[in-house]
Amino acid sequence: MGKIPQADGPGGRVIRLFCLVAAGFLLPAAAAEGPGKAAIASAHYLATEAGHEILAAGGNAFDAAVAVSAVLAVVEQTSSGIGGGGFWLLHRASDGMEVMVDGREQAPAAAHKDMFLNEDGSVNRDLAVNGPLAAAIPGEVAGLAHIAGNYGRLPLARSLQPAIRIAREGFPVYEKFHWILSNWAYDNILRWPAAREAFLLEDGSVPPIGHVIRLPDLAGVLQQIADQGPDAFYRGDIAQRLVEGVRQAGGIWTMEDLASYEIKERQPIYTEFGGYELVTAAPPSSGGIAIATMLNILEAWPLAELDRVQRTHYIAEAMRRAFRDRALFLGDPDFYEVPVERLTSQFYADGLRASIHPGRATPSDMLPGNDAGPERGDTTHFSVLDADGNVVAATLTVNLGFGNRFMVPGTGFVLNNEMDDFSAKPGEPNAFGLIGFVANEIQPHKRPLSSMSPTIIKGEDRLGALGTPGGSRIITMVLLGILDFMEGNDAESWVSLPRFHHQYVPDRISAEPDAFTAEEIAALEAMGHTVEVREHAWGNMHGVLWNRESGEVTAGSDPRSDAGRAIVR
Ligand code: DON
């Protein structure tokens, strides 16, 4: 794919406008139709600022997305990084091109179906999530290079600069980082000297909020990538160091695994709802298909007019059915024939809807029951809209908080534990209580099924982008955000909404502490639902919105996290 023709960025636009006006011409349609302002919402203020820095340097939304991703890879290693991967969903204003850049991690060649099973056939949960065996081959560096090279206007090296600077100069520990480090990752980070040295104080304690963490090794790695391109990571020095470090610690990566990693461009999943077109994540994400199924089921009911209990009932029943299909039919499309057309068709959804009783919950007892483990994961989502109307919705991950908590000495970044997104054994729950079968079993070079659901919503009057971390809950959070968009609300509303979730098994609606009143819970239970009110809220949603009618550009950053920031400039 060649470079796109020079589009207009915020800086270039002013100059061009002047020239064109001076020459007596009208602006070309793409530039004239742009919002004229940019919005970026991400999980960290330094990342949001870096995105705007790159726009101000003449970059477009795609360059900004590279910068935001790279800064998050430094300051939010709880959630994503160059040891992980993700999906970047791109919308280009000039020609309407849309693509999902699939930088999902991939199983190494020596991976096999039963690699996480103990001798007695049970799943070794520790091996599946902690240490080098849990790590799949990272895709983020390839993703950033691909986006910069094919869609950006600036060189990769320029867009990596803010991340390199911040890795070298350091960033202050913030509340969420401190909390995940103390509560979820501490014991396992202690196991690996390089991770311990990078994130803990010399005495092995968790640094206090405000303490500045510097990651000179990571700055060096990023600088090498800036100087030599992605080959430095996949074939050169860094690859050598990664393979040696992983193997010494008991892992199975080879140089060939890294060298053969490739970005895949996927056609997004398209679906319509309420007069809007949704552009969302394709397999190996399950998100877009599940969202399409749920919206197709829900389109028959005037949701906004229903009382909250009835509305919740219908939505939970749609969630239940989409998650059943997720477990049975979804996996890496390069390895398993995913019935995309059927699952996203209105006809199929009409059939599913016909099985929903208006006043009774359908028991989910067609599959063996299981319990969702405590939610220990983290991932990151950001949304970018530039002044020309280009949009990026990106969800990136290392899977659980600080990934597999393992760091190869001299690199400064943790590796992912995305291997746990495969189904280690048919019907056995992973860290998010998700089950799967043959479609998502482990195979060499296969990509594990994901729930990450970056989504763009397009209409004549409004253009929005949203997404969030949250494991299996990502899909249902994005659904609720879409429904809120449909009710005319803005990004701040989508990201703040109280959340509830159903994933087929376990058979219950889980709810944030303030999602329902006691009366609403009683009414749902009377319909046959089990409602579990969770102790903690979940998610970290970041969205942007351009109201084409009013010209207003807004952005929203989830109030549940302290470090996130939405800036319109
Ligand atoms: O790709 C996935 O679906 C998971 N690895 C995402 C993990 C996640 O969102 C954890 N956040 N709470």
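Going by the structure above, here's the rest.
Sequence positions are assigned chain by chain, starting from 1 and proceeding in written order. For this predicted model, a pLDDT threshold of at least 70 governs which residues receive local features, and a threshold of 80 or more governs which side-chain atom pairs are given and counted, while totals over whole chains, interfaces and linings are taken from all residues. Water and hydrogen atoms play no part in the side-chain values, which are based on all heavy atoms of the structure.

A. A look at helix H12 (residues 237-248). A run of DSSP states H or I qualifies as a helix once it reaches four residues; a run of E qualifies as a strand once it reaches two. Both are numbered from the N-terminal end. Each residue after the first adds 1.5 Å to the expected span of a helix. Between the first and last C-alpha of H12 there are 16 Å, a value that for 12 residues agrees with the 16 Å anticipated at 1.5 Å per step. Residues of H12 that are buried: Ile-238, Ala-239, Leu-242, Val-243, Gly-245 and Val-246. Here a residue-residue contact requires only that any non-hydrogen atoms of the pair lie within 4.5 Å. Elements that come into contact with the buried residues of H12 comprise helix H10 (216-228), helix H11 (231-234) and helix H13 (255-259). Just downstream of H12 lies Gly-250, where phi reads positive at about 105 degrees. Only protein chains enter the accessibility calculation, which uses a 1.4 Å probe; a residue is then buried when its area is under 20% of its type maximum, exposed when over 50%, and partly exposed in between.

B. Representation of the site of the ligand in the model. In the vicinity of the ligand, 17 residues are found, and the nearest of them are Thr-379, Glu-418, Asp-421, Ser-450 and Ser-451. Separating an oxygen atom of the ligand from a side-chain N or O atom of Thr-379 is a distance of 2.9 Å. Identification of polar contacts relies on pairs of N or O atoms within 3.5 Å, with a donor-acceptor requirement for protein atoms, meaning one able to donate a hydrogen and the other able to accept it, and with residues adjacent in sequence counted only if both atoms are side-chain atoms. Between the ligand and the protein, one listed contact pairs a nitrogen atom with a side-chain N or O atom of Glu-418 at 2.6 Å. Accessible surface is estimated by sampling points in the Shrake-Rupley manner with a 1.4 Å probe; for residues, cover comes only from the protein chains shown. Contact with the protein chains covers 98% of the free accessible surface of the ligand, which is 350 Å². If you list the elements that add at least two residues to the shell around the ligand, you get strand S9 (377-385) and strand S10 (391-400). Under the convention adopted here, Pro, Cys and the residues Ala, Val, Leu, Ile, Met, Phe, Trp and Tyr are nonpolar, Asp, Glu, Lys and Arg are charged, and Gly plus all remaining residues are polar. Grouping the amino acids of the shell around the ligand by side-chain chemistry returns 4 nonpolar, 8 polar and 5 charged. Any residue with a heavy atom lying within 4 Å of a molecule or strand is counted as near it.

C. Fine view of the nonpolar core. Membership of the largest hydrophobic core comes to 99 residues, with the highest contact counts inside it found for Phe-116, Leu-298, Met-419 and Phe-516. Top element by residues in this core is helix H15 (residues 308-329). It accounts for 10 residues. With sequence-adjacent residues up to four places away left out, Phe-116 is seen in contact with Ser-122, Val-123, Asn-124, Leu-127, Ala-128, Leu-133, Ala-134, Met-419, Ala-424 and Ile-442. The nonpolar core is taken to be a set of buried Ala, Val, Leu, Ile, Met, Phe, Trp, Tyr and Cys residues, with the residues joined through side-chain atoms within 4.5 Å.

Purely geometric stuff here, so don't read any function into it on its own.
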